[in-house]
Amino acid sequence: MRRSDVLAEESVLCLQKALTHLREIWELIGIPEDQRLQRTEVVKKHIKEEGEPTILQLEKDLRTQVELMRKQKKERKQELKRLQEQDQELCEVLCTPRYDVNNDSVPTLEELNQFRHHVAALRETKASRREEFVDIKRQIILCMEDLDHTPDTSFERDVVCEDEDAFCLSLENIATLQKLLRQLEMRKSQNEAVCEGLRAQIRELWDRLQIPVEEREAVAMVMTGSKAKVKKALQLEVDRLEELKMQNMKKVIEAIRVELAQYWDQCFYSQEQRQAFAPYYDEDYTENLLQLHDAEIVRLRNYYESHKELFEGVQKWEESWRLFLEFERKASDPSRFTNRGGNLLKEEKQRAKLQKTLPKLEEELKVQIETWEQEHAKPFVVNGQKFVEYVTEQWEMHRLEKERAKQERQLKNKKQTETEMLYGSAPRTPNKRRGLAPTTPGKVRKLNTTTISNATANSSIRPVFGGTVYRSPVSRLPPSGSKPILTSTCSGKKTPRAGRHGADKENLELNGSILSARTFKGLQI
């Protein structure tokens, strides 16, 4: 065999060994199959093409590539180790399993990228959980201080006493932290409710026992807060006041009765409803009687609070109704026509406004009460009556009162008219000589014959003058100074027919001239 053939075979053998070694390196560093094919194709092209480097140059190039790949392998291995260390640290803090990765092979760039994202996500989780842990820990410490609570479990001691970095931020621990905080907050809320109840009890006992202000200020420092020492001080004060209450039984019961009467008024209790609570009238001041009063005041207080809106509405109607009756009374008062300071105009405006708002308020209350009665399946009573019946009765009583007053005025006017028709409006002594009366400027001349009453049964004048007497005018003195010519005789021998005729005549004169219709505008009988 020729030497050239031998060299050729040796070259082919070296090339095969080199390719085999390359494939092993590619396999070791984890080059995918498609990239291996591409690299093999490149080697093949270099062998076939003309002008290709020599075998020594090819070997050199391959060695350079091998060194490069070994460097990449080392860097990837180092990064993998660093990521694994970070993953282990974060997993220990978060109490989560480690990231699954194959240590026997060199990781690809994609695998390393995924590992980096995983570690970054763990860092974010740690930061958020740590922030939540610090916030919950702060609230737990505050609650424990308010409750004067000392950590008595290993978990509580780990939370409060240990280093924050040493605490395991697992989901289970975070959930346990939240549960502990809820328990402490519930205990704190219960303490606050108990303390507030004790304060309310103290204030009530202060009022009932009439405790002086100086003595109240002595315990003012415990009237706020809900710590254990505050709760204890409040309880001691309640116990002291309860003992005083037992020593002042009668005084306390009488104070409760005053409060009961106030609630009865606010709830519009009828007399029968008030008498139904028999202990109110018991004078045997015992502890049992006090307990009955305490239970009744609690029941009434709750009853008023649950129906407060309705009671306030009824109270508003009551106040408006009283104001309406006051305006009605003033409408029949003749002194209101003096109109000093414009009071008459103001009253008329208020009265007109009230006449509009009062029916509207009644309708609103009726709707609210109907809704309430449907919800509670029982009637809503005011002074022992259903509200609608109560309002109707008030209006009816007002109408009857107006009718009664009208009839009284008519009867009084009728009697006064009959008296004037029989005896005259200004009877005089028979033997007294009538002289001339001097006239005074600016004054109205008195009538000396027939008088007009407020209103007669058939008169058109309304009774707003409150019994004021108006006399008919006399003729003026003649220029010569002779005796005045009288329009009617004053001898006392006047017949009823003549007197009635004179009165009717004067009524016509008044209706036509002296008293105009504007005087009586807007007035009611």
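Within every chain, residues take consecutive numbers counted from 1 along the sequence as written. Only residues with pLDDT of at least 70 are given local features in this predicted model, and only at 80 or more are side-chain atom pairs given and counted; all residues enter the totals for whole chains, interfaces and linings. With hydrogens and water set aside, each side-chain value is computed from the structure's full complement of heavy atoms.

- As recorded in an unreviewed UniProt entry, the protein chain goes by the name Protein regulator of cytokinesis 1, listed as coming from Rhinolophus ferrumequinum.

**Some words on the overall build of the protein chain**
And step 1. Under the DSSP-based scheme used, a helix requires at least four consecutive residues in state H or I and a strand at least two consecutive residues in state E, with every element numbered from the N terminus. Tallying secondary structure elements over the protein chain gives 15 helices and 4 strands in all.
And step 2. Burial status across the protein chain gives 30% buried among its 525 residues.
And step 3. In this description, contact between two residues means that some pair of their heavy atoms is separated by no more than 4.5 Å. Sequence separation of at least 24 residues holds for 71% of the intrachain contacts in the protein chain that already meet a minimum separation of 6.
And step 4. Here the Shrake-Rupley method, with its probe set to 1.4 Å, supplies the accessible areas, and only the displayed protein chains count as covering residues. Counting only carbon and sulfur atoms, one obtains 53% of the accessible surface of the protein chain, whose full area is about 35,200 Å². Relative accessibility under 20% of the residue-type maximum defines a buried residue, over 50% an exposed one, and the middle range a partly exposed one, all with a 1.4 Å probe and only protein chains included.

**A look at the UniProt feature "coiled-coil region" (unreviewed entry) in the protein chain**
And step 1. UniProt positions are given in the numbering used here, feature names are shortened, and annotations may be inferred rather than shown by experiment. Taken from the UniProt record, the annotation "coiled-coil region" (unreviewed entry) applies to residues 55–93, 174–201 and 344–420.
And step 2. Its end C-alpha atoms 57 Å apart, residues 55–93 is made of 100% helix and 0% strand.

**Thoughts on the packing of helix α1 (residues 3–29) against helix α3 (residues 55–94)**
And step 1. Fitting a line to C-alpha atoms yields each axis, with helices limited to the stretch in contact; the angle taken between N-to-C directions then spans 0 to 180 degrees. For the pair α1 and α3, the least separation of the axes is 10 Å and the interaxial angle reads 15 degrees. One finds that α1 runs roughly parallel with respect to α3. Note on packing geometry: the crossing formed by α1 with α3 is left-handed. Residues L15, A18, L22, I25, W26, L28 and I29 of α1 pack against L58, L62, V66, M69, K73 and R76 of α3.
And step 2. Charged residues are taken to be Asp, Glu, Lys and Arg, nonpolar residues to be Ala, Val, Leu, Ile, Met, Phe, Trp, Tyr, Cys and Pro, and polar residues to be all remaining types, Gly included. Looking at the contact of α1 with α3 residue by residue, the classes come out as 11 nonpolar, no polar and 2 charged. Should an angle fall under 35 degrees it is taken as roughly parallel, and over 145 as roughly antiparallel, whereas 65 to 115 is taken as roughly perpendicular and any remaining angle as oblique. If you view the pair so one helix is near and one far, a crossing is left-handed when the near helix is turned anticlockwise from the far one by less than a right angle, and right-handed when it is turned clockwise.

**Some thoughts on the nonpolar core**
And step 1. Residues grouped as a nonpolar core are buried Ala, Val, Leu, Ile, Met, Phe, Trp, Tyr and Cys residues, joined through side-chain atoms within 4.5 Å. Core analysis: the biggest nonpolar cluster contains 49 residues, and L234, W317 and F380 have the highest contact counts within it.
And step 2. For this core, the secondary structure elements donating two or more residues are α6 (171–209), α8 (228–247), α9 (249–266), α11 (287–306), α12 (308–331), α13 (343–376) and α14 (387–423).
And step 3. Dropping the residues within four chain positions of it, L234 is found in contact with C195, L198, R199, I202, V222 and M223.
And step 4. Ranked by size, the runner-up nonpolar core spans 25 residues in total, among them L80, L112, F115 and L180.

**Focus on unusual backbone geometry**
Glycine aside, a negative phi is what most residues show, and trans is what most peptide bonds show.
And step 1. Phi is positive for D148, close to 50 degrees, though the residue is something other than glycine.
And step 2. The residue D148 is located in the loop between α4 (109–147) and α5 (154–160) in this model.
And step 3. You will see that F268, though not glycine, has its phi angle at about 55 degrees, which is positive.

**Description of the pattern of salt bridges**
And step 1. Every case where a carboxyl oxygen of Asp or Glu lies within 4 Å of a side-chain nitrogen of Lys or Arg is listed as a salt bridge. What the rule picks out here adds up to 25 salt bridges.
And step 2. The partner of R301 in a salt bridge is E204, with the nearest N and O atoms 3.9 Å apart. With R301 in helix α11 and E204 in helix α6, this residue pair connects regions lying 97 residues apart in the sequence.
And step 3. Among the residues examined, R301 registers a relative accessible area of 24% and is labelled partly exposed.
And step 4. Through salt bridges with shared partners, a single ionic network connects E204, R208, E242, K245, E259, D294 and R301.

**Digging into the state of the cysteines**
And step 1. Disulfides are defined as pairs of cysteine sulfur atoms found within 2.5 Å of each other. For the structure on display, the rule yields 1 disulfide.
And step 2. Note that C95 is cross-linked by a disulfide to C168, the S-S spacing being 1.8 Å. Of the two residues, C95 sits in the loop between α3 and α4 while C168 sits in the loop between α5 and α6, which places them 73 residues apart along the sequence.
And step 3. Here C95 falls in the partly exposed class, since its relative accessible area comes to 44%.

**Observations concerning the packing of aromatic side chains**
And step 1. Paired rings are identified among Phe, Tyr and Trp, the last through its six-membered ring, by centres lying within 6.5 Å, and are further divided according to the angle between planes into stacked (under 30 degrees), edge-to-face (over 60) and tilted (the rest). Within the structure shown, the criterion is met by 15 aromatic pairs.
And step 2. Between Y263 and Y304, the ring centres sit 6.0 Å apart and the planes meet at 65 degrees, which makes this aromatic pair edge-to-face. Placement of the pair is Y263 in helix α9 and Y304 in helix α11, with a sequence separation of 41 residues.
And step 3. On the basis of relative accessible area, Y263 is assigned to the buried category, the value being 11%.
And step 4. Grouping aromatic residues by their ring pairs yields a cluster made of Y263, F268, Y269, Y303, Y304, F311, W372 and F380.
And step 5. Lysine NZ or arginine CZ positioned within 6 Å of the ring centre and within 35 degrees of the ring normal marks a charge as sitting over the ring. R257 extends its terminal NZ or CZ atom over the ring of Y280, reaching a point 5.6 Å from the ring centre.

**Description of the confidence of the model for the protein chain**
Should pLDDT be low for a region, the predicted coordinates there are not to be read in detail.
And step 1. Confidence scores per residue from the predictor, reported as pLDDT, run from 0 to 100. Confidence in the prediction of the protein chain, expressed as mean pLDDT, is 75, and 77% of residues score 70 or more.
And step 2. Scored below 50 in pLDDT, residues 428–525 shows 116 contacts in the model against residues more than four places distant or in partner chains.

**Considerations on α14**
And step 1. The end-to-end C-alpha distance of α14 is 54 Å, a good match for the 54 Å that 37 residues give at a rise of 1.5 Å each.
And step 2. Every buried residue belonging to α14 is among F387, Y390, V391, Q394, H398, N413, T417 and E420, and all of these are buried.
And step 3. Once α14 ends, the next one or two residues include G424, with phi positive near 90 degrees. In a helix, the anticipated span is given by 1.5 Å times the number of residues less one.

**Concerning the packing of α11 against α12**
And step 1. At their nearest, the axes of α11 and α12 sit 5 Å apart, and the two run at 75 degrees to each other. The pairing of α11 with α12 is recorded here as roughly perpendicular in orientation. Only K308, F311 and E312 of α12 make contact with α11, whose side of the interface consists of Y303, Y304, E305 and S306.
And step 2. Classifying every residue of the contact of α11 with α12 gives 3 nonpolar, 1 polar and 3 charged.

**Overview of the side chain of E318**
And step 1. Note on placement: E318 falls in helix α12.
And step 2. Counting of polar contacts relies on pairs of N or O atoms within 3.5 Å, with two restrictions inside protein: one atom must be capable of donating a hydrogen and the other of accepting it, and residues adjacent in sequence are counted only when both atoms are side-chain atoms. Separated by 2.3 Å, the side chains of E318 and Y390 make a polar contact.
And step 3. Contact partners of E318, with chain neighbours within four places excluded, come to F268, N383 and Y390.

**A short note on the environment of E326**
And step 1. You can see E326 is positioned in helix α12.
And step 2. The sequence separation of E326 and R351 amounts to 25 residues, and the corresponding C-alpha distance is 9.6 Å.

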